Amino acid sequence: MAKKHQKHAKIARPDLGTFGRNEYAILGTPCGEIKKLAKQISEGLASQHKIAYVDADHKSADDASSLDGSSLQYGNHLEYVDKIDFHRFDQMGELTPFDYKRKFADQDLILVNGNHFEGQKQILVIDSRKSLEKKLHKLTNVALILFQIEEVEAPDYIQTHLFDFDNIPQLSIDDTHGIHAFLQREMKLSAPNIKGLVLAGGQSTRMMRDKSEINYFGKSQKDFMFDLLTKTTDEAYYSVRADQLTNGTSNQIADTFTGLGPYGAILSAFRSDPNAAWLVTACDQPFLTKETLALLTSKRNPSKIATAFYNPETDFPEPLITLWEPKAYGHLLHYLSLGYSCPRKVLINEDIEMIHLDDASVLKNVNTPEEYNEALKILG
């Protein structure tokens, strides 16, 4: 029997909604009420999370005055204005679903006016002023039900449509604290799991032998690092070259971005699972300890693209013991498209969480025979 032709490569896709991760469409009440609720949520959570709001203003579609003072009225397709305290981009033309996902990639929480757009999850407001009887198809994953102050019961058609109605959390719309607590809890529960990656596919040209096979602690250094990551993360993997793959071994990720060194290994890990955060370590760091890795994960900030240690020896973040969040994937690909393949450059120029160590010597790499002999003395 002939094998069915596969038109497109099977690539793992990130778990995104219409705009991005952690996306909630608010619907069931007039637009003004939705905007008011979104404002209250942002005021309570914006100090800890990056929050976006999505709305539509159809009134200005045919109003030429809406472009007053903008270069778009003269034919420009894009205008950027540095507003000192914030930046504003105005753009002509259509946006595709892919454009939305790129623009909202860094947001921790996306609140959507559900009267105009659909969202991955929904916050349903029970409000007799706004019937949803003809829009039940939008209620695909209701996470929270809010009652307007004067409302005491949801309409029968809502309860019939939502088979698990009684199990969905229900609050009064003026219970600001309860709404904030619900969203905080949801974001914590949806935080990406952490996978570990040992970089074991290097050529070790300076050491003149395979660094990953050096034995400092009774086993190869790559296995020692793998064991540390197994204790620190949800699941650990070896990053290897394609020619290093071992048949029947599931904890290996072959480098599919060849010729880019560690940068390609990190991208390959995200290609295999774009929904996980990746704690990446080199195999030539014998001074790393379980406590150091545990400190990194405990200081993790999922709102940033990465959490990294400050290395005083270089005066920069240390890229080869870094916890990269899923949102880093797009940034890494973007820098590659601009001709850069240095993970440190990404860390320097993007929004990251930086950790300062009392003793940064644990970050030291061992790359040459001389450094190896010195490491043996230090390790005893």
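Please refer to the structure higher up on the page.
Residues numbered from 1 in each chain as written. Predicted model: local features only at pLDDT ≥ 70, side-chain atom pairs only at ≥ 80, totals over all residues. Heavy atoms only, no water.

### Thoughts on the overall build of the protein chain
Each helix and strand counted, the protein chain has 10 helices and 15 strands in total. Put simply, the protein chain has 380 residues, and 44% of those count as buried. In the protein chain, 69% of the contacts between residues at least 6 apart in sequence involve partners at least 24 apart. Surface accessibility of the protein chain: about 21000 Å² in total, with carbon and sulfur atoms responsible for 51%. A distance of 5 Å separates the average location of the 42 positive side-chain charges in the protein chain from that of its 52 negative side-chain charges. (Helix = DSSP H or I, 4+ residues; strand = E, 2+ residues; numbered from the N terminus. Buried < 20%, exposed > 50% of the residue type's maximum accessible area, 1.4 Å probe, protein only. Contact = heavy atoms within 4.5 Å. Areas by Shrake-Rupley, 256 points an atom, 1.4 Å probe, with all protein chains shown as cover. Lys, Arg positive; Asp, Glu negative; His and termini not counted. Charge placed at Lys NZ, Arg CZ, Asp CG, Glu CD.)

### Considerations on the sheet that holds strand 15 (residues 353-355)
Strand pairs in the sheet, formed through backbone hydrogen bonds, run parallel or antiparallel to each other. Read across the sheet, 7 strands follow the order 11-10-9-12-14-13-15 without closing on themselves; strand pairing throughout is mixed. Edge positions in the sheet fall to strand 11 (252-254) and strand 15, since each of these pairs with one other strand and no more. Pairwise comparison of adjacent strand axes, ignoring direction, gives a mean angle of 35° for this sheet. Pairing between strand 12 (residues 277-282) and strand 14 (residues 316-324): 4 bridges, direction antiparallel. Bridge pairing in strand 14 links Trp 278 to Trp 324. The strands touched by helix 5 (residues 221-232) are strand 9 (194-199), strand 10 (235-240) and strand 12; relative to strand 10, the strand with the most contacts, the crossing angle is about 150°. (Pairing = 2+ DSSP bridges. Axes fitted to C-alpha atoms, helices over the stretch in contact; angles between N-to-C directions.)

### Examining the packing of aromatic side chains
Counted under the stated rule, the structure contains 10 aromatic pairs. With 5.3 Å between their ring centres and 70° between their planes, Phe 19 and Phe 104 make a pair best called edge-to-face. Separated by 85 residues along the polypeptide, Phe 19 in the segment before strand 1 (23-27) and Phe 104 in the loop between helix 2 (97-103) and strand 5 (109-113) bring together distant segments of the chain. There is no split in this pair, since Phe 19 and Phe 104 are both buried. Where Phe 226 meets Tyr 238, the ring centres are 4.5 Å apart and the plane angle is 5°; that geometry is what we call stacked. (Phe/Tyr/Trp six-rings, centres within 6.5 Å; stacked < 30°, edge-to-face > 60°.)

### Considerations on unusual backbone geometry
The residue Asn 22 is not glycine, and still its phi comes out positive at about 50°. On the secondary structure map, Asn 22 appears in the segment before strand 1. A positive phi angle, near 65°, is found at Asp 315, a position not held by glycine. Here Asp 315 falls in the partly exposed class, since its relative accessible area comes to 49%.

### Thoughts on the pattern of salt bridges
It is possible for side chains bearing opposite charge to pair when their charged atoms get close. Inspection of every chain in the model, using the stated rule, returns 16 salt bridges. The salt bridge partner of Asp 273 is Lys 195, with a shortest N-O separation of 2.8 Å. Taken as a pair, Asp 273 in the loop between helix 6 (262-272) and strand 12 and Lys 195 in strand 9 lie far apart in primary sequence, 78 residues in all. Lys 195 shares its class with Asp 273; the two are buried. (Salt bridge = Lys/Arg side-chain N within 4 Å of Asp/Glu carboxyl O.)

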